[in-house]
Amino acid sequence: MIILKSHQEIEKIRKACLVVADVLDSIGELIRPGTNTQKLDEFAEKMILSSGARPAFKGYRGYPKTVCTSLNNQVVHGIPSKDVVLNEGDIISIDVGAIVEGFYGDAARTYPVGRILPDTERLIKVTEEALSRGISQARPGSRLYDISAAVQHHVESHGYSVVREFVGHGIGRNMHEDPQIPNFGERGQGPRIKPGMVLAIEPMVNRGASGTFVLEDGWTAVTADGSLSAHFEHTVAVTSDGPWILTQKEARQ
Ligand code: MF3
Ligand code: CO
């Protein structure tokens, strides 16, 4: 069941989303060769707590940390550790969730570590563009899989593949609500998109094949073929005027 949110509820989700956006805006400063991912986690946790919010991921199904840090061939849910040290040329996705007044915000970005190859830059750029293409479909009158199809089309037209085992999701009083939002699908299909829906749209894009598997730690998802993977996510509210990107500091799109 898709839960529609009132204006007041969306304003609360917005508060959580602004905390997440702040963390993602600031954490980039720390991302450089020699840093370990535990430091990134501590930075994010401090920022979330000092904003009066709570980390959304810590303790969720036993997840041990505040953020997910997914390096290179890791797709999502990489666990921060002082043993994971960043190297020049790496890419790292940081996924952050926060709770304010009982409502969740969730977003992710992929960052370069130092200088990266032009081909790698292109993977990041196409993934971010795929997210914007998906978001632009999040308006009344569209169908849910218009979002999915827009993401898939953009990614595949650049020769990359979308991950199928992980999907975006509705969000509100819970981090994961209906509907599931796959990054592949057929235009014109799926539930009708209505004002009051709040959607976490999150393309995960592999340079190689789409397959993934989860490491022994029970969390870290990696590409099956070892290829690089990028991930971007925004929490988006559907309004009668179109999508409102809640995890972006600037005003409405
Ligand atoms: N953005 C991720 C998601 O929507 C974050 C979940 S990580 C977890 O699934 F540890 F909390 F599961
Ligand atoms: Co999410």
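Caption draft 1: Focus on helix α3 (residues 118–136). An ideal rise of 1.5 Å per residue puts 27 Å on 19 residues; α3 measures up with 27 Å between its terminal C-alpha atoms. For α3, every residue scored as buried is listed here: T120, L123, I124, V126, T127, A130, L131, G134 and I135.

Caption draft 2: Molecular detail of the coordination of the cobalt ion (ligand 2). Surrounding the cobalt ion (ligand 2) are the protein donor atoms D106 (OD), H169 (NE2), E202 (OE) and E233 (OE), which sit 2.1 to 2.3 Å from the metal. One can describe the donor arrangement at the cobalt ion (ligand 2) as irregular, given that its six donor atoms subtend angles of 65 to 171° at the metal.

Caption draft 3: Local environment of the packing of aromatic side chains. Taken as a whole and assessed by the stated rule, the structure comprises one aromatic pair. Arranged with centres 4.9 Å apart and planes meeting at 80°, the rings of Y63 and W219 form a pair that is edge-to-face. Remark: W219 occurs in the loop between β11 (212–214) and β12 (221–223) and Y63 occurs in the loop between β1 (54–55) and β2 (67–71); sequence separation between them is 156 residues. For the pair formed by Y63 and W219, the shared burial category is buried. A cation over an aromatic ring shows up here: R164 above the ring of F184, its NZ or CZ 4.3 Å from the ring centre.

Caption draft 4: Representation of the sheet that holds strand β9 (residues 198–201) within the structure. If you trace the five strands from one edge of the open sheet to the other, you get β8-β7-β9-β14-β15, paired in antiparallel fashion. Where the open sheet ends on each side, the last strands, each with one partner, are β8 (177–181) and β15 (242–245). For this sheet, the mean inter-axis angle between neighbouring strands, taken without regard to orientation, is 30°. Bridge analysis of strand β14 (residues 234–239) against β15 gives four bridges, and the strand direction is antiparallel. Counted as the bridge partner of V238 is P243 from β15.

Caption draft 5: Region of interest: the pairing of β8. Relative to β8, strand β7 (residues 168–170) runs antiparallel, the two sharing three bridges. The residue of β8 that forms the bridge with G170 is E177.

Here is what the cut-offs are and how they apply
Counting starts from 1 at the beginning of each chain's written sequence and moves along it residue by residue. Each chain takes a letter, starting from A, and each ligand takes a number, starting from 1, following the order in which they are written. Reporting of local features is limited, given that this is a predicted model, to residues whose pLDDT is at least 70; pairs of side-chain atoms are given and counted only at 80 or more, and all residues count toward the totals for whole chains, interfaces and linings. The side-chain figures draw on all heavy atoms in the structure; neither hydrogens nor water molecules are used. Going along the chain from the N terminus, every DSSP run of H or I of four or more residues is numbered as a helix, and every run of E of two or more is numbered as a strand. Each residue after the first adds 1.5 Å to the expected span of a helix. Classification of residues uses two cut-offs on accessible area relative to the type maximum, computed with a 1.4 Å probe and protein chains only: under 20% is buried, over 50% is exposed, and between them is partly exposed. A donor here means an N, O or S atom no more than 2.8 Å from the metal, or no more than 3.2 Å when the metal is Na, K or Ca. Since water is not included, a site may seem to lack partners. Four donors are marked tetrahedral only if all angles between them lie between 85 and 135 degrees, whereas four are marked square planar and six octahedral if opposite donors are more than 155 degrees apart and the other angles lie between 65 and 115; the remainder are marked irregular. The aromatic pairing rule takes the rings of Phe, Tyr and Trp, using the six-membered ring of Trp, and pairs them if the centres are within 6.5 Å, calling planes under 30 degrees apart stacked, those over 60 edge-to-face and the rest tilted. A ring is scored as having a charge over it whenever the NZ atom of a lysine or the CZ atom of an arginine sits within 6 Å of its centre and within 35 degrees of its normal. When DSSP finds two or more bridges between a pair of strands, those strands are recorded as paired. Think of each axis as a best-fit line through the C-alpha atoms, taken over the contacting stretch in the case of a helix, with angles from 0 to 180 degrees between the N-to-C directions.

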